[in-house]
Amino acid sequence: MILAGAQIVDDHSVAYRPENMPETVKSSVTPAIKEGSSSQDAQVVAKIPKRDLVDIQFTNITCTVSLGINKGHKQILHGVNGRLRPNQLIAIMGPSGAGKSTLLDVLSGYRITGVAGAVFINGRGRILKRFKRMSCYIQQDDRLQGLLTVGENMALAADLKLPTKLDKYEKGEVIEDILTNLGLYEHMNTRAAQLSGGQRKRLTIALELISNPRIMFLDEPTTGLDSSSCTQVVQLCRSLAHQGRTIVCTVHQPSASLFALFDHVYVLAAGYCMYQGTTRNLVPYLEQAGIPCPMYHNPADYIIELACGEYGEDKIGYLTTRAENGKDLSWFDNPDTIPTMEGLRKQYPLSVLKEQDTGPGEEETSQSNQRMVLIKRGFLKAKRDAMLTHLRLLVNVIVGIMLGSLFVKAGNEGNRVIENYNLLFAILMHHMMSPMMLTILTFPSEMSILIKEHFNRWYSLGSYYISITLVDLPISIVSCAVFSVIVYTMSSQPLEIVRFLMFFAISLYTVLVAQSLGLMIGAVFNVVNGTFLGPTISVPMMMFAGFGVTLRDLPPYLYWGSYISYLRYGLEGLIGAIYGLERPTLDCDQAVYCHYKHPKTFLNIIAMSPDMFWWDVLALTIFVVVLRVAAFLLLKWKLKAIR
Ligand SMILES: Nc1ncnc2c1ncn2[C@@H]1O[C@H](COP(=O)(O)OP(=O)(O)OP(=O)(O)O)[C@@H](O)[C@H]1O
């Protein structure tokens, strides 16, 4: 990788100096507005999407959530209004539960259910698809690929977010520029999981800066950071804002020095706007309202105390009325110069918008490029997570040897047919449980990253889904093949290549079906619910497979169950592979009565036909396809439902 040359340095040796940021960042982090760059730089810059400054106005925003069936609704935002100007770092402040995150969700377009009101971008009604091209949303928790280094995270993001016509050197230039200016260049080779909280936050910002968004929404970027990291992050946001961005952050209760770094504040109390204006104007505003901030009191603390109702609930209503619930712009700097909606429309004519509307797709690069990059990322992660990859192989080797030892030579002996039948069922159990549980346990942690990256237009859900399917396939095939060879030979199943391939095919199909089921559960449920649900729904699958109660003995009213149990087709397929194909008589100890000398006797007793192999393959194929499609649709639904 072109960026791999940086040295791994001590995590604490940050070269980042906030006081230098305005100068050092200059326009390099914002290539589209770079001035005086070299002609080579200019070529790179020319290929990066250019963005206009963005002026946001929102009017009468309400947000209502359902509290559940028969539990009614709760209104979180009550017709709030506001204006978010470019070149500003804006803090949305308020006590816990005031609706800060909800307002940020609404403004970023992340939350759409239960939302009413209007958002205008440069004087025109917001079109979400276009708006998402110019904005990004960084949620509170850092959703990074912890196994990958800073450089790898950046390089993969650049491959997904920058035009494919840029070569790796040009992309590398953009990445170097961003990392240098965010004080992360020295940590290029540090894995994201090993970064400090502040560095992780900066990396999250760096990843989004690649596409040069004009509006950045950050939900509580300072939470969990010490005061020096808080200052670094807010300083960074301030620098980025002053390069021509609109940056909106939610903050809890900033210290006086941190508060002073924000240009504007928007104060919420119980879903109403109590103040909107510059940070400096907050004290005069309170003074004019007759509730002056006491001397030596941090104004940020005081307004939060007021918003909490500590000086009386009536103050909230009073200040809301004075602020006209966000309509009053008189506390902005030079309020008379704030352009009207009409003025903005003239300033940003539709013809300019047309030029900026790049391509018909939702994402920056093509689907095939997204798939390629995601597959590359998936393999890199599998390589890094060597423990899990090795563990999967090891488990298959160990379980294979254990089953092989327990049922040694059971496959060829007439008086051990029932034992062999038990072995085949145990094999299916293994192929069902381990891939399903692994997926149920690992997928939910991937979900949060998927939600962030998909919302920020890194890739489509289809590309993501195809890539995770393809990345897992080789390791599943190898694990299954290793297991099959061990167990097949140790238990002395017939040494015929066709039978082995049939055995392996059914085993692999069972793994794929179980994985798909795991994906369906993992896509919808969290780890706790998923780990409960997975094994629970496996029990009826086993019941209806024909093990314990043969298919013939199933009560007629429950027979339908055998059609929906994929284990039934798996078991039938394995039986077909081992005892079908006109298998000759089995070895028998002459001294003992050998009831199952002829395989047909056994097949007759368990009511399974050896000729059903291809039907079983077809049924398992249908299961794989249907469950994979269902998992995809559930994932799609989940991504919509959380919004
Ligand atoms: N989906 C939901 N269902 C029910 N209540 C919700 C939902 N989302 C938010 N709320 C409620 O709405 C209120 C505002 O939530 P929000 O997360 O926006 O507050 P906040 O100001 O960001 O708080 P904090 O600073 O603690 O994160 C809270 O009382 C919260 O419990």
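Rules used in this analysis
Residues numbered from 1 in each chain as written. Predicted model: local features only at pLDDT ≥ 70, side-chain atom pairs only at ≥ 80, totals over all residues. UniProt positions renumbered as here; feature names shortened; annotations may be inferred. Helix = DSSP H or I, 4+ residues; strand = E, 2+ residues; numbered from the N terminus. Pairing = 2+ DSSP bridges. Contact = placed C-beta atoms within 7 Å. Axes fitted to C-alpha atoms, helices over the stretch in contact; angles between N-to-C directions. Near = placed C-beta within 6 Å. Buried ≥ 20, exposed ≤ 12 C-beta atoms within 10 Å, placed from the backbone. Arc of directions from axis to C-beta. Right-handed = clockwise from strand over helix to strand, strands pointing away. Expected span 1.5 Å × (residues − 1).

This part takes up the UniProt feature "transmembrane region" (unreviewed entry) in the protein. The UniProt feature table records "transmembrane region" (unreviewed entry) at residues 393-411, 423-444, 464-488, 500-525, 531-551, 563-581 and 612-635. Here residues 531-551 runs as 62% helix and 0% strand, with 29 Å between its end C-alpha atoms.

Attention now moves to the sheet that holds strand 1 (residues 56-66). Read across the open sheet, the four strands follow the order 2-1-4-5; overall the sheet is antiparallel. This sheet does not close on itself; its edge strands, each paired only once, are strand 2 (73-84) and strand 5 (124-125). Judged from the two bridges that link them, strand 4 (residues 115-121) and strand 5 form a sheet pairing that is antiparallel. Looking across to strand 5, one finds that Phe120 is bridged to Gly125. On top of the sheet, helix 3 (residues 100-108) reaches strand 1, strand 2 and strand 4; it is set at about 65 degrees to strand 2, its chief contact.

With that settled, the discussion passes to the site of the ligand. Lining the immediate environment of the ligand, one finds 13 residues, of which Ser96, Gly97, Lys100, Ser101 and Thr102 sit closest. The set of elements that each furnish at least two residues to the shell around the ligand consists of strand 2 and helix 3. No other element matches the three residues that helix 3 contributes to the shell around the ligand.

All right, on to helix 12 (residues 314-322) then. Because an α-helix packs 3.6 residues into every turn, residues spaced three or four apart end up facing the same way. Of the positions making up helix 12, those classed as buried are Lys315, Leu319 and Thr320. Buried positions in helix 12, seen along its axis, are confined to an arc of 135 degrees and lie on one side of it. Taken from the residues just after helix 12, Glu324 is the one with a positive phi, measuring 50 degrees.

Moving on: the pairing of strand 7 (residues 215-218). Looking down a regular strand, the side chains alternate between one sheet face and the other. Because side chains alternate across strand 7, one face comprises the buried residues Ile215 and Phe217, and the other comprises Met216 and Leu218, equally buried. In this structure, strand 7 lies alongside strand 8 (residues 246-251), joined through four bridges in parallel fashion. Residue pairing across strands places Met216 opposite Ile247, the latter belonging to strand 8. Tracing the backbone out of strand 7, into helix 8 (residues 227-241) and back to the parallel element strand 8 gives a crossover that is right-handed.

The next thing to look at is helix 16 (residues 386-406). Counted at 1.5 Å a residue, the expected span for helix 16 with its 21 residues is 30 Å, and the 30 Å between its end C-alpha atoms agrees. Of the residues making up helix 16, those classed as buried are Arg392, Asn396, Gly400, Leu403 and Gly404. Mapping the buried residues of helix 16 onto a view down its axis gives an arc of 105 degrees, with all of them on the same face. Relative to its buried face, helix 16 has exposed residues pointing more than 90 degrees away, namely Ala386, Met387, His390, Leu391, Ile398 and Ser405. Buried-residue contacts for helix 16 involve helix 17 (417-455) and helix 18 (461-490).

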